[in-house]
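Structural overview for review
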Number of protein chains: 2
Amino acid sequence: MTGERTLIHQIRRMAASSTNSAVKMGIGDDCAILRLKPGFELLVTTDLCLEGVHFRRSWHPPAAVGHRCLTRGLSDIAAMGGEPLACFLSLGLPADLPPAWMNGFLRGLLVLARRYKVQLAGGDVSSALQITADIVVTGQVPSGAAVRRSGANPGDRIYVTGSLGGSAATLKQLFAGKAVKPTKSNLHFYPTPRLEVGNYLRQSRLATAMIDISDGLSVDLRHVCDESGVASILISNKVPIAKNANLELALHGGEDYELLFTAPKRAKIPSQIAGVAITQIGEIRNRRDYSSAIQILGDNGKVSPLPQRGWEHFARQR
Amino acid sequence: MTGERTLIHQIRRMAASSTNSAVKMGIGDDCAILRLKPGFELLVTTDLCLEGVHFRRSWHPPAAVGHRCLTRGLSDIAAMGGEPLACFLSLGLPADLPPAWMNGFLRGLLVLARRYKVQLAGGDVSSALQITADIVVTGQVPSGAAVRRSGANPGDRIYVTGSLGGSAATLKQLFAGKAVKPTKSNLHFYPTPRLEVGNYLRQSRLATAMIDISDGLSVDLRHVCDESGVASILISNKVPIAKNANLELALHGGEDYELLFTAPKRAKIPSQIAGVAITQIGEIRNRRDYSSAIQILGDNGKVSPLPQRGWEHFARQR
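Residues numbered from 1 in each chain as written. Chains lettered and ligands numbered in written order. Predicted model: local features only at pLDDT ≥ 70, side-chain atom pairs only at ≥ 80, totals over all residues. Heavy atoms only, no water.

**Some remarks on the relation of the copies chain A and chain B**
For these two chain copies, the linking operation is a rotation about an axis paired with a shift along it. Superposition record for chain A on chain B: RMSD 0.0 Å, screw rotation 180°, translation along axis 0.0 Å. Expressed as a symmetry operation, the mapping of one chain copy onto the other fits a two-fold axis. (Least-squares fit on C-alpha atoms with pLDDT ≥ 70 in both.)

Written as structure tokens, this is what we have:
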């Protein structure tokens, strides 16, 4: 109890550095109080980060774990075209966790929170068998303007931001026992939530559907197809592959936190948005014309169904 | 992954039975979308429920765990005088958890959710070493009307709803190895969030400060004193003690989920609100007059400092 209270006081002190005027009251009462702008709707997303499942202490520095944890939530806000406001953090901590680890985790999370003006406005703390962090991010979007997964239409083109497979490539190296320096420029350790891109696409009304690529291109495109009631075809040699990655990792590797969106054939999509490359990788089709939700056109000119393999949690690979 | 997706589909299907018109979009996209009424502010609270810390599978039926989990969040909304709208559930589940347990947990949670028109609007699922449930509850309250912990003034009277120590008394029996039937009427297993009382106190503007008693009277009254910058005195023979409990459990036992509130001396507080007994148990004093935040007047007519012991997690008692 005493340890928990000390930690809550520490978090409250550290959280004071991240502020957002939408937060009328943050940590320190039964609930946080938030004000939305008139004419705006609320966005809410929650993501669980568990030691041994989403990260390993031996691979991921605490600051990277905190950064990745918040990125998961921010990326969901980006995928709706929203503006993040406040986050909430529930922490389950093993009794023997060094305070330095907790400090590093919070610093990593709060550096990213400050960058996007997201206030840490509440949470909970408990003892646990493994490090457990559940991050909730709230955001706002003008009423009716959120970009959903369900708006893709046959004929729409499919686009992605940045390049894919880079995070999985690093993970593969880690699994192979290779030492990988957790530098700030390695997007596996410090991924960038594409908030500016999502915001641009929402404001310009260019995107008909959007999702973030957290589970892997094949799985996340499938979500768009299912929610929109459509099928899709990918062109394999158009998929932007990250350095050190390959097509397999780009199609099925997770945690790149790039955005996938669809736009009408005639929409003029810039080749870069907010400094991030945009690449057309395929097309939305009628679902009834295909036996599989996603087909892929290979280099050999043949079209074949693309299975959804996607991201497998660390725990399953052990 | 397949198991997780199956579970998410199951939750989405079950959640369809709990609806709230504030939820424009629930499960099925990157974020949920909520609409607040114009002139209202958003309330957010998060509570972590962990196996071995907050419940034991051998003591608590899965439906009671689900009910208790959601009650924790609803009780926080009640303590602000708010109206709950939607909840979000992040689940970490051991690989060997029987599906029947999960079903029972969800049913218990959703029966309570329907009773208060709270929609399960999102969440996350992962594998974990112990059953982990992080519940987020959102609510709304007219702008500026939330009842905070910080509004208590010297001279205010202190009140509580219902009776105290009952949950801790049952817990004590469980720790002593006694078999306790987890009946619906045992408030340890099925506590009632005091939403109607909280709402009445907010609407009537009677309460100057409010908190829910989740950690125990001594700890939660201390929170009110600290946030309000005041001290307090309790009258021991006024504290309403639950059946099977005693003064010690009523002062320090947690998880009763009753409300504690303060009101000006002259405010007319009904003896019952929404069918729940209201009892005056003490008075707010100037902080500078006392060495301790809470004093207690004993049966012997002597005043002594009341230590904050409060709720100790199961894990610490093992």
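**Things to note about the interface of chain A and chain B**
Counting residues at the interface gives 58 residues for chain A and 59 residues for chain B. Summing the contributions of chain A and of chain B, the shared interface buries around 5,000 Å²; its carbon and sulfur component is 52%. On inspection of chain A and its partner chain B, the count reaches 10 salt bridges. The salt bridge involving Glu41(A) is made with Lys24(B); its shortest N-O contact spans 2.8 Å. (Contact = heavy atoms within 4.5 Å. Buried area = accessible area lost by both parts, 1.4 Å probe. Salt bridge = Lys/Arg side-chain N within 4 Å of Asp/Glu carboxyl O.)

**Points about the pattern of salt bridges**
One pass over the full model with this rule turns up 26 salt bridges over all chains. Between Glu227(B) and Arg12(A) there is a salt bridge whose closest N-O contact spans 3.0 Å. Of this pair, Glu227(B) sits in helix α6 (residues 217-228) while Arg12(A) is found in helix α1 (residues 2-15), placing the two residues in two different chains. Between Asp29(B) and Arg149(A) there is a salt bridge; the shortest N-O distance is 3.7 Å. Of this pair, Asp29(B) sits in the loop between β1 (23-25) and β2 (32-34) while Arg149(A) sits in the loop between β6 (132-142) and β7 (157-161), placing the two residues on different chains. On the basis of relative accessibility, which here comes to 13%, the residue Arg149(A) falls in the buried class. (Helix = DSSP H or I, 4+ residues; strand = E, 2+ residues; numbered from the N terminus. Buried < 20%, exposed > 50% of the residue type's maximum accessible area, 1.4 Å probe, protein only.)

**Notes on the sheet that holds β2(B)**
As summarised here, the arrangement of the 6 strands in space is β5(A)-β4(A)-β6(A)-β3(A)-β2(B)-β1(B), forming an open sheet in which the pairing is mixed. Two strands in the sheet have a free side with no partner beyond their single neighbour: β5 (119-127) of chain A together with β1 of chain B. Each strand axis lies, on average, 25° off the axis of its neighbour in the sheet, ignoring direction. Bridge analysis of strand β3 (residues 40-50) of chain A against β6(A) gives 11 bridges, and the strand direction is antiparallel. Counted as the bridge partner of Asp47(A) is Ile135(A) from β6(A). (Pairing = 2+ DSSP bridges. Axes fitted to C-alpha atoms, helices over the stretch in contact; angles between N-to-C directions.)

**Let's talk about the nonpolar core**
Counting 57 residues, the largest nonpolar core has Leu70(A), Leu89(A) and Phe105(A) as its most contacted members. Among the elements that make up this core, the one with the highest residue count is helix α3 (residues 99-115) of chain A (8 residues). If sequence neighbours within four positions are ignored, Phe105(A) has contacts with Pro62(A), Ala63(A), Val65(A), Gly66(A), Cys69(A), Leu89(A), Leu91(A) and Ala133(A). Grouped together as the second largest cluster of nonpolar side chains are 56 residues, Ala15(B), Phe55(B), Leu110(B) and Ala146(B) included. (Core = buried A, V, L, I, M, F, W, Y, C linked by side-chain atoms within 4.5 Å.)

**Examining unusual backbone geometry**
Here the phi dihedral of Glu255(A) falls at roughly 65°; this positive angle occurs in a residue that is not glycine. With respect to the secondary-structure elements, Glu255(A) resides in the loop between α7 (247-252) and β10 (258-263). Phi is positive for Ala274(B), close to 50°, though the residue is something other than glycine. By the secondary structure assignment, Ala274(B) is in the loop between β11 (272-273) and β12 (276-286).

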